[in-house]
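The chain contents come next:
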Amino acid sequence: MTFKEFLPYHALTVISSSASYAIFLIIIEPIYRSVIAFFMISLITIIPYSVAAVPLQLFLNKWPKKFSVLYLCTYSVVATLFLYISYKLQGNWSDPVGDYRKMFVFAVGAAIIYWFWDSVIMNKKEYSYY
C-alpha cells in the first residue's frame, strides 16, 4: 500500500490526538476551560503533531506494534525536544517555561495521547504497514 492509501488514517490519528490533547489541557489547566479554547487548542496542536509526530509515526509503523513501550518512549523524547525547541524559536532564550515539570507533563501528555491513537487507529491487522 502507498502513503496515499494510509493518509486518511494519519489524518484521523492527528485529529483524534489534537482533540484529546485539548481535553487534556482543559482538565489540567483551569485557564483553558472554555469552548473556544477547546477549538483553538485543537487547531493549534494539529501543526506540531503533523510536523513532528507523523514522520516519526511513518518510520515506527514500518514495524507495527500495538501499545509498544519503546514507541511511547520515542514519542515522549521527541515531544519533549520539540516543545523545548519551539520555546527557544519563539525568542525566549532564558527558561522555556517557569516550571520544567509543567513542560514535561505537557510533552509526555501529548506523546501518550498520540501513542494511544496511533496504537488504536494505525496498528490494526487489516491496515498492516508495508
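Residues numbered from 1 in each chain as written. Predicted model: local features only at pLDDT ≥ 70, side-chain atom pairs only at ≥ 80, totals over all residues. Heavy atoms only, no water.

S.K.: Residues and numbers for the nonpolar core, please.
M.R.: Y21, I41, Y49, Y75, L83 and Y114 are the most contacted members of the largest nonpolar core, which has 26 residues in total. The contact partners of Y21, leaving out residues within four places of it in the chain, are I41, T45, Y49, F106, G109, A110 and I113. (Core = buried A, V, L, I, M, F, W, Y, C linked by side-chain atoms within 4.5 Å. Buried < 20%, exposed > 50% of the residue type's maximum accessible area, 1.4 Å probe, protein only. Contact = heavy atoms within 4.5 Å.)

S.K.: Please provide a residue-by-residue account of the environment of A22, values included.
M.R.: Following the sequence through the fold, A22 ends up in helix α1 (residues 3-28). Taking relative accessible area as the criterion, A22 reaches 0% and is therefore assigned buried. Sequence-wise, A22 and F38 are 16 residues apart; in three dimensions their C-alpha atoms are separated by 5.4 Å. (Helix = DSSP H or I, 4+ residues; strand = E, 2+ residues; numbered from the N terminus.)

S.K.: Please give an account of the environment of T13 that cites residues and values.
M.R.: Position of T13 relative to the elements: it lies in helix α1. Of the residues examined, T13 reaches a relative accessible area of 0% and is grouped as buried. Separated by 40 residues in the primary sequence, T13 and A53 place their C-alpha atoms 10.0 Å from one another. Look past the residues within four positions of T13 in its chain and what remains in contact with it is Q57, Y114, W117, D118, I121 and M122. A distance of 2.8 Å separates the side chain of T13 from the backbone oxygen of Y9, its partner in a polar contact. (Polar contact = N/O pair within 3.5 Å; in protein donor to acceptor, adjacent residues only side chain to side chain.)

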